[in-house]
Amino acid sequence: NGRIYGDRMLKSPPGKYNILPASSYVDVAINDGDEIIALESYKDKLLQFKRNKVFVINISGDYDVLEDTFFNVGIVEECSVVKTPHGIVWVNKTGCYIYDGKEMNNLIDSKIPASQDYATIGNNSAC
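These remarks concern the structure in this document. Computed from a predicted structure; not experimentally measured. (Residues numbered from 1 in each chain as written. Predicted model: local features only at pLDDT ≥ 70, side-chain atom pairs only at ≥ 80, totals over all residues. Heavy atoms only, no water.)

1. Quick look at the sheet that holds strand S7 (residues 81-84)
Either a parallel or an antiparallel arrangement is found when strands of a sheet pair, and the pairing is made through backbone hydrogen bonds.
(1) Moving on: If you trace the 4 strands from one edge of the open sheet to the other, you get S7-S8-S9-S10, paired in antiparallel fashion. Looking at strand neighbours, the two that pair on one side only are S7 and strand S10 (104-106), the edges of this open sheet. Along the sheet, successive strands turn relative to each other by an average axial angle of 25°, direction set aside.
(2) Moving on: Of the pairings in the sheet, the one linking strand S8 (residues 87-92) to strand S9 (residues 95-99) comprises 5 bridges and is antiparallel in character. (Pairing = 2+ DSSP bridges. Helix = DSSP H or I, 4+ residues; strand = E, 2+ residues; numbered from the N terminus. Axes fitted to C-alpha atoms, helices over the stretch in contact; angles between N-to-C directions.)

2. Overview of the packing of aromatic side chains
By convention here, two paired aromatic rings are described through the distance between centres and the angle between planes.
(1) Moving on: Enumeration over the complete set of coordinates arrives at 3 aromatic pairs.
(2) Moving on: Centre to centre, the rings of Phe 49 and Trp 90 are 5.0 Å apart; their planes meet at 75°, and the pair counts as edge-to-face. Of this pair, Phe 49 sits in strand S4 (residues 45-49) while Trp 90 sits in strand S8, and the two are 41 residues apart along the sequence. With respect to class, Phe 49 is no different from Trp 90; both count as buried. (Phe/Tyr/Trp six-rings, centres within 6.5 Å; stacked < 30°, edge-to-face > 60°. Buried < 20%, exposed > 50% of the residue type's maximum accessible area, 1.4 Å probe, protein only.)

3. Examining the pairing of strand S6 (residues 65-71)
(1) Moving on: Bridge count for strand S5 (residues 53-58) against S6 is 6 bridges, and the pairing is antiparallel. Looking at the pairing, Phe 55 lines up with Thr 69 of S6.
(2) Moving on: Hairpin connection, S5 to S6: the antiparallel pair is bridged by 6 residues.

4. Notes on the side chain of Asn 58
(1) Moving on: Mapped onto the elements, Asn 58 comes out in strand S5.
(2) Moving on: Using a relative accessible area of 15% as the deciding quantity, one classes Asn 58 as buried.
(3) Moving on: Within the structure, the side chain of Asn 58 is placed 2.6 Å from the side chain of Ser 60, a separation counted as a polar contact.
(4) Moving on: With sequence-adjacent residues up to four places away left out, Asn 58 is seen in contact with Asp 44, Lys 45, Tyr 63, Asp 64, Val 65 and Glu 67. (Polar contact = N/O pair within 3.5 Å; in protein donor to acceptor, adjacent residues only side chain to side chain. Contact = heavy atoms within 4.5 Å.)

5. Some thoughts on the sheet that holds strand S3 (residues 38-42)
(1) Moving on: An order of S3-S4-S5-S6 is seen for the 4 strands of this open sheet, with the pairing classed as antiparallel. A strand with exactly one partner marks an edge of an open sheet, and here the two such strands are S3 and S6. Each strand axis lies, on average, 20° off the axis of its neighbour in the sheet, ignoring direction.
(2) Moving on: Two strands pair when backbone bridges link them, and S3 and S4 are joined in this way by 5 bridges, in the antiparallel orientation.

6. Quick look at unusual backbone geometry
(1) Moving on: For Lys 43, which is not glycine, the phi dihedral falls at a positive 55°.
(2) Moving on: What makes Lys 43 exposed here is its relative accessible area of 67%.
(3) Moving on: Its identity as a non-glycine residue notwithstanding, Asn 72 has a phi of 60°, on the positive side.
(4) Moving on: Mapped onto the fold, Asn 72 is located in the loop between S6 and S7.
(5) Moving on: Look at Asn 72 and you get exposed, because its relative accessible area is 62%.

7. Here we look at the nonpolar core
(1) Moving on: Core analysis: the largest hydrophobic core is formed by 15 residues, its most contacted members being Leu 47, Phe 49, Val 54, Ile 75, Val 81, Ile 88 and Trp 90.
(2) Moving on: Among all residues touching Ile 88, those that are not within four sequence positions of it are Glu 40, Ser 41, Tyr 42, Leu 47, Phe 49, Val 81, Val 82, Lys 83, Tyr 97, Ile 98 and Tyr 99. (Core = buried A, V, L, I, M, F, W, Y, C linked by side-chain atoms within 4.5 Å.)

Shape descriptors only; they carry no functional weight alone.
In structure tokens, the structure reads:
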């Protein structure tokens, strides 16, 4: 109805991927001052990326369950996220992260010196 919900994910009925009823939605963290930048799925998990946080939602059962929240690892642009055979990988100013379906790890932690210029890490202008 012309209203924008920056925090809402619409959910299609099973087997009807092109139908998105307004009454079928998932709200994880509403009115937190942040909007959804990207969504990516891996196994039975849905990762919701915002600028400051990443939410892990378990979508395997009848109900969607917020399983984990990762703070200060969000993204600025959708192109910062990619699905790989090993999990979901994303990059930002603080690192290069992977979620493997169980846990999140920073792939460059202790591998790039803290004095490294951030222009080479997480510069999303090339997306």
